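Chain by chain, the residues:
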Amino acid sequence: MLIAADKFKGSLTAVEVAEHVTAGLRRAVPGLDVAAVPVADGGDGTVAAALAAGFTRHEARVTGPTGIPVTATFALRADGTAVVEMAEASGLQHLPGGVFAPLTATTYGTGELLLAALDAGATSIVFGVGGSATTDGGAGMLAALGARFLDADGEPVGPGGGPLGELAAADLSGLDPRLARTEIVLASDVDNPLTGPKGAPAVYGPQKGADEDDVATLDTALAHYAEVLERAVGPKAAEYALAPGAGAAGGIGYGALVGLDAAFRPGIDVMLDVLGFGPALAKATFVITGEGSLDEQTLHGKAPAGVAAAARAAGLDVVAVCGRLQLPQEALDRAGIRRAYALTDLESDPARCMAEAGPLLERAAESLARDFLV
């Protein structure tokens, strides 16, 4: 049995999910041979999954999204592969008191975290983006890495996406030279462009506290930012603004594409490679995946869909565990998931479901084992 599940956000890490599923399975089938590869799709939890796969933990003190220092973690393997998660530096969890800063939140700390990975010896970086508090197009990140963004008076523009409306000149020539020698993969499940109706401000800005006026301000500012970068680095800046992934994490995807020459790949595909899922799958006869909520988003690049696709290609049955299930069986069938076991089927109160997720998951796994393995 191979357990390859993502976290249950707000209640269990991916590692804890695997532990509870294993306990439930063995309650029904003592001595069952179980292997676990905790997975993530590039968003929050990505570094934790890498650490569970044997990467070494590193910490760095960096600038949080509102300028207050935070401690951020990244993962590094002996071969020089690093996993850097932007939410560790610039995520919503680092907003003091949970107060949004839609126009001024910065990705500067993410740039500092990338520098820390380079300083630690990283030669290739899996850059997971998601869960950001920011909509600055990655300008803060690039500034921390050596770029300059100046207003009409030759002064650095302020932090965040809003001040980019005052941007007069950009200079990327000072970017850390190690970046040119480093393979950077932008791992994301988001394929939005930078601006427009499907761009970062319109689609994700409201989740970060942006009202209608803020969204308009940010969209205009990021479009202007792309125009200034086009003057600085040429036509590729305009092309990347329309590219899939440019709008990821408040546009940090755009900054990574333009400034870091990153290659965009679906986050789950990247992480399955990095975490050693392939060799584990080759030994498996049955696969269990899952995440906190199985819903429409799951079908668009989330971890369970990626796991199920790989397992189906290998001819293996896949079932899922989840906190709540919001997909009909037909959709599960299309994704290659034979059945899903939801904690809300065992406990209808969402608060208790979150608080007692571990024991409930063991009960669900025991039922799964009795249905499929006994």
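1. Focus on the overall build of the protein
Then comes step 1: When helices and strands are tallied, the protein shows 15 helices and 13 strands.
Then comes step 2: Its C-alpha radius of gyration of 21 Å places the protein within 12% of the 21 Å reference for a compact globule of 374 residues.
Then comes step 3: Counting only C-alpha atoms and orienting by the principal axes, one finds that the protein spans roughly 75 × 45 × 35 Å.
Then comes step 4: A separation of at least 24 residues holds for 71% of the contacts in the protein among residues at least 6 apart in sequence.
Then comes step 5: In the structure as shown, the protein presents an accessible area of about 14,900 Å², 51% of it carried by carbon and sulfur atoms.
Then comes step 6: Side-chain charges in the protein split into 25 positive and 46 negative, and the spacing between the mean points of these groups amounts to 7 Å.

2. Concerning the pattern of salt bridges
Then comes step 1: Counted by the stated rule, this structure contains 17 salt bridges.
Then comes step 2: The salt bridge involving E362 is made with R27; its shortest N-O contact spans 2.4 Å. On the criterion of sequence distance, the pair formed by E362 in helix α15 (residues 357-372) and R27 in helix α1 (residues 14-28) is long-range, its members being 335 residues apart.
Then comes step 3: Accessibility expressed as a relative area gives 15% for E362, which makes it buried.
Then comes step 4: K302 is paired through a salt bridge with D189; the nearest N and O atoms lie 3.0 Å apart. Placement of the pair is K302 in the loop between β11 (286-294) and α12 (303-313) and D189 in the loop between β9 (183-188) and α6 (200-204), with a sequence separation of 113 residues.
Then comes step 5: When its relative accessible area of 23% is taken as the criterion, D189 is described as partly exposed.
Then comes step 6: Residues joined in a network through salt bridges with shared partners are D6, K7, K9 and D44.

3. Here we look at the pairing of strand β13 (residues 339-342)
Then comes step 1: Across four bridges, strand β12 (residues 317-325) lies against β13 in parallel orientation. Looking at the pairing, V319 lines up with R339 of β13.
Then comes step 2: Regarding the hand of the β-α-β motif, the stretch spanning β12, helix α13 (residues 329-335) and β13 is right-handed.

4. So, the sheet that holds β9
Then comes step 1: As summarised here, the arrangement of the six strands in space is β3-β4-β5-β6-β9-β10, forming an open sheet in which the pairing is mixed. Bordering the open sheet on either side are β3 (56-63) and β10 (263-266), each of which pairs with just one other strand. With strand direction ignored, the average angle separating the axes of adjacent strands in the sheet is 30°.
Then comes step 2: Note that strand β4 (residues 69-76) and strand β5 (residues 81-85) share two bridges and pair antiparallel. Note on β5: the bridge partner recorded for L76 is A82.
Then comes step 3: Helix α9 (residues 248-259) contacts β6 (124-128), β9 and β10 of the sheet and is inclined by roughly 155° relative to β9.
Then comes step 4: The sheet strands contacting helix α10 (residues 267-274) are β5, β6, β9 and β10, and the helix crosses β10 at an angle near 85°.

5. Brief notes about the pairing of β12
Then comes step 1: In the sheet, β11 pairs with β12 via eight bridges, with the strands oriented parallel. Its bridge partner being in β12, G290 is matched across the sheet by V321.
Then comes step 2: Viewed along the sheet, the connection from β11 through α12 into β12 turns out right-handed.

6. Structural notes on the sheet that holds β13
Then comes step 1: The parallel open sheet is built from five strands, whose spatial order is β2-β1-β11-β12-β13. If you trace the sheet from one side to the other, it starts and ends with β2 (35-36) and β13, each paired once.
Then comes step 2: The strands touched by α15 are β11, β12 and β13; relative to β13, the strand with the most contacts, the crossing angle is about 150°.

7. Points about the side chain of T110
Then comes step 1: Take T110: it is sitting in helix α4 (residues 108-119).
Then comes step 2: In contact with T110, not counting residues within four places along its chain, are M86, A89, S90, F127, M141 and I252.

8. Observations concerning the environment of V318
Then comes step 1: Position of V318 among the secondary structure elements: in strand β12.
Then comes step 2: In this structure V318 touches V287, T289, A308, A311, G336, I337, R338 and R339, once residues within four positions along its chain are discounted.

9. A closer look at unusual backbone geometry
Then comes step 1: Phi is positive for A249, which is not a glycine, with a value near 50°.
Then comes step 2: Structurally, A249 is set in helix α9.
Then comes step 3: Phi angles above zero are rare outside glycine, and D261 is one such case at about 55°.
Then comes step 4: Tracing the backbone through its elements, the reader meets D261 in the loop between α9 and β10.
Then comes step 5: By relative accessible area, D261 is classed as exposed at 59%.

10. Digging into the nonpolar core
Then comes step 1: Formed by 56 residues in total, the largest nonpolar core has its most connected members in I125, F127, F149, Y225 and Y254.
Then comes step 2: Ranked by residues supplied to this core, first place goes to α9 with seven residues.
Then comes step 3: In contact with Y225, other than residues within four places in its own chain, are D136, G137, G138, A139, L142, F149, L164, L167 and Y254.
Then comes step 4: Listed in part, the 41 residues of the second largest apolar core include A4, F55, L272 and A335.

11. Focus: the packing of aromatic side chains
Then comes step 1: Taken as a whole, this structure holds three aromatic pairs when the rule is applied.
Then comes step 2: Taking the centre distance of 5.8 Å and the plane angle of 70° together, the rings of Y225 and Y254 count as edge-to-face. A residue pair is termed long-range when its members are at least 10 positions apart, and Y225 in helix α7 (residues 212-233) and Y254 in helix α9 qualify at 29 residues.
Then comes step 3: Considering the side-chain rings of F286 and F372, the 5.6 Å spacing of their centres and the 50° angle between planes classify their relative orientation as tilted. Within this pair, whereas F286 is found in strand β11, its partner F372 is found in helix α15, the two being separated by 86 residues in sequence.
Then comes step 4: Exposure remark for F286: the relative accessible area of 7% places this residue in the buried category.
Then comes step 5: Members of the aromatic cluster, connected to one another through ring pairs, are F149, Y225 and Y254.

Conventions used here
- Residues numbered from 1 in each chain as written.
- Predicted model: local features only at pLDDT ≥ 70, side-chain atom pairs only at ≥ 80, totals over all residues.
- Heavy atoms only, no water.
- Helix = DSSP H or I, 4+ residues; strand = E, 2+ residues; numbered from the N terminus.
- Rg over C-alpha atoms; globule rule 2.2 N^0.38 Å.
- Contact = heavy atoms within 4.5 Å.
- Areas by Shrake-Rupley, 256 points an atom, 1.4 Å probe, with all protein chains shown as cover.
- Lys, Arg positive; Asp, Glu negative; His and termini not counted.
- Charge placed at Lys NZ, Arg CZ, Asp CG, Glu CD.
- Salt bridge = Lys/Arg side-chain N within 4 Å of Asp/Glu carboxyl O.
- Buried < 20%, exposed > 50% of the residue type's maximum accessible area, 1.4 Å probe, protein only.
- Pairing = 2+ DSSP bridges.
- Right-handed = clockwise from strand over helix to strand, strands pointing away.
- Axes fitted to C-alpha atoms, helices over the stretch in contact; angles between N-to-C directions.
- Core = buried A, V, L, I, M, F, W, Y, C linked by side-chain atoms within 4.5 Å.
- Phe/Tyr/Trp six-rings, centres within 6.5 Å; stacked < 30°, edge-to-face > 60°.

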